[in-house]
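Below, each chain spelled out in residue letters.
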Amino acid sequence: MTPGLLLAFDDEQAAASALAQALAVPLALIGRHHFPDGETRLHLPPVLPAELLLYRGLHRPNDKLAELLIACPAARELGARHIVLVSPYLAYMRQDIAFSPGEAVSQRHIGAALSRLVDGLITVDPHLHRIASMDEVMPGCRTVALTAAGLLGAWVAAQVPGALLLGPDEESAQWVTVAGRAHGLAHAVCVKQRFGDRDVRVALPAGLSLAGRAVVLLDDVASTGRTLAEAALAARAAGAASVDVAVTHGLFVGQAVAELRAVGVRHLWCTDAVPHASACVPLAPLLAQAVRQL
């Protein structure tokens, strides 16, 4: 794809600017006005190119999904014929089955809605557990699912040479394995039991010695931080010399950062998929390569 313009929202201007610079394309921002009743008015450039790149991460997703429902058809009215959405963090991907009768499968319905709005989507480390690929989530839409595991592994290798990468649960194995193998870091995965949104138990891998080792917990997303906190507690109890955290998507809801600090986590490292003080690993080069190849 050779976009004529990158369109973004002001709250993600820094990451969008980096991507526009990497692609050598102009950047324009969508103006927003919030009415007292909660509705939003959007203002797009009056003329748009046929090939349009739209940047919108979906952390805190509900308002942003409403904005996309307005922005995408408006962009087509203003000249866009082919819209590719760059959404580094893609929300609602974790609810991939109904756990009780009548429960909506959010992943399926949000994916279908997005596939009707855009012609293509680029995302990073979507949380696909029981789903093989994004093609199942967004049928009829060209999708690219990137991984930041290699970038995080490179960052960890530079910051903590010889670190042990530790996945806090079985689902993290895919990212820990890629990061570890790419940069020659030892890696292992914990076992997790979940009893509620904030009630989890984490057990270290059997036979693994952490005494005196620098441990980096690596995962795709940190939301409440409870799983990472439990893994950090277990690592420190097993004698780890230090515990750091590296994740693709640093959501850090509520007191998550304070709670991680309280259990002895030293550093928090994230990509800039989600704007946060801990975002130190830029995704622009990875995203730009995917745009060029789409």
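None of the values given here were measured: they were computed from a predicted structure.

What counts as what
- Residues numbered from 1 in each chain as written.
- Predicted model: local features only at pLDDT ≥ 70, side-chain atom pairs only at ≥ 80, totals over all residues.
- Heavy atoms only, no water.
- Helix = DSSP H or I, 4+ residues; strand = E, 2+ residues; numbered from the N terminus.
- Expected span 1.5 Å × (residues − 1).
- Buried < 20%, exposed > 50% of the residue type's maximum accessible area, 1.4 Å probe, protein only.
- Arc of directions from axis to C-beta.
- Contact = heavy atoms within 4.5 Å.
- Salt bridge = Lys/Arg side-chain N within 4 Å of Asp/Glu carboxyl O.

J.: In this structure, what is going on with helix 3 (residues 106-117)? I would like to understand it.
T.: Structural remark: α-helix, 3.6 residues per turn; residues separated by three or four positions point the same way. For helix 3, spanning 12 residues, the distance from its first C-alpha to its last is 17 Å, which sits close to the expected 16 Å at 1.5 Å a residue. Buried within helix 3 we find Q107, I110, G111, L114, S115 and L117. An end-on view of helix 3 places all buried positions within 155° of arc, on one side of the element. Opposite its buried face, helix 3 presents the exposed residues R108 and R116, each directed more than 90 degrees away.

J.: Please explain the environment of V257 as it appears in this structure.
T.: Within the fold, V257 resides in helix 8 (residues 256-262). Once residues within four sequence positions are removed from consideration, V257 is found in contact with F252, L268 and H276.

J.: Quick question: what am I supposed to make of the pattern of salt bridges here?
T.: For side chains of opposite charge, pairing can occur when their charged atoms come near one another. On inspection of all chains with the given rule, the structure shows 10 salt bridges. The partner of R56 in a salt bridge is E12, and the shortest N-O contact between them spans 3.0 Å. On the criterion of sequence distance, the pair formed by R56 in the loop between strand 4 (51-55) and helix 2 (61-77) and E12 in the loop between strand 1 (5-9) and helix 1 (13-23) is long-range, its members being 44 residues apart. As far as burial versus exposure is concerned, R56 and E12 are alike and both buried. Residue E259 is joined to R226 by a salt bridge in which the shortest nitrogen-to-oxygen separation is 3.6 Å. Linking E259 in helix 8 with R226 in helix 7 (residues 226-237), this pair joins segments that are 33 residues apart in sequence. By relative accessible area, which is 28% here, E259 ends up partly exposed. Put simply, D10, D11, E12, R32, R56 and E67 are held in one network by salt bridges that share partners.

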